[in-house]
Amino acid sequence: MELNILNKTNNELEVELRGETHTLLNLLKDLLIKDERVETAFYDMKYVSISEPVLYIKTNGADPIQVLKETAAIIVSQCDEFIDVFSRAANA
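Since this is a predicted model, take the numbers as computed values, not measurements.

**Focus on the overall build of the chain**
Looking only at helices and strands, the chain features two helices and four strands. Tracing the chain from N to C terminus, the helices and strands come up as β-β-α-β-β-α. For the chain, the spread of C-alpha atoms along the principal axes amounts to about 50 × 35 × 20 Å. Long-range pairs, those at least 24 residues apart, make up 52% of the contacts in the chain between residues at least 6 apart in sequence. Accessible surface computed for the chain: about 6100 Å², of which carbon and sulfur atoms make up 54%.

As structure tokens, then:
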């Protein structure tokens, strides 16, 4: 994955995530929308086979980079929890 910040203001962030698909972008968007600091979160992938997805975040004044970092940490935590639960079930 390659991440390029296309635009950044105090409360907005536009990021291109090269090499990613709907899988990660939908997860990020869904978690961002649930965050009370986020006013808007969506992504666009103009042409699935030839364009890179762009994630857009608008906050109510919170630093959008910090919000995105915290959202990524939630995803990592959820994956760690899944690995733990799955490992215990597989070894049962």
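There's plenty left to go through after this.
**Let's talk about the pairing of strand β1 (residues 2-8)**
When β1 meets strand β2 (residues 12-18), the two strands line up antiparallel, connected through six bridges. Following the sheet pairing, Glu2 is matched in β2 by Arg18. Once β1 ends, the chain turns through three residues before running back antiparallel as β2.

**What about the nonpolar core?**
If you look at the biggest cluster of nonpolar residues, it comprises 18 residues, and the most contacted ones within it are Leu28, Leu32, Val38, Leu55, Ile57 and Leu68. At the level of secondary structure, the elements contributing two or more residues to this core comprise β2, α1 (22-34), β3 (38-44), β4 (54-59) and α2 (64-90). Counting residues per element, this core draws most heavily on α1, which supplies five residues. Dropping the residues within four chain positions of it, Leu32 is found in contact with Val38, Ala41, Leu55, Ile57, Val67, Leu68 and Thr71.

**A look at α1**
An ideal rise of 1.5 Å per residue puts 18 Å on 13 residues; α1 measures up with 18 Å between its terminal C-alpha atoms. Three or more residues of α1 are buried, namely Leu24, Leu25, Leu28, Lys29, Leu31 and Leu32. Where α1 is buried, its residues touch β2, β3, β4 and α2.

Parameters at a glance
Residues numbered from 1 in each chain as written. Predicted model: local features only at pLDDT ≥ 70, side-chain atom pairs only at ≥ 80, totals over all residues. Heavy atoms only, no water. Helix = DSSP H or I, 4+ residues; strand = E, 2+ residues; numbered from the N terminus. Contact = heavy atoms within 4.5 Å. Areas by Shrake-Rupley, 256 points an atom, 1.4 Å probe, with all protein chains shown as cover. Pairing = 2+ DSSP bridges. Core = buried A, V, L, I, M, F, W, Y, C linked by side-chain atoms within 4.5 Å. Buried < 20%, exposed > 50% of the residue type's maximum accessible area, 1.4 Å probe, protein only. Expected span 1.5 Å × (residues − 1).

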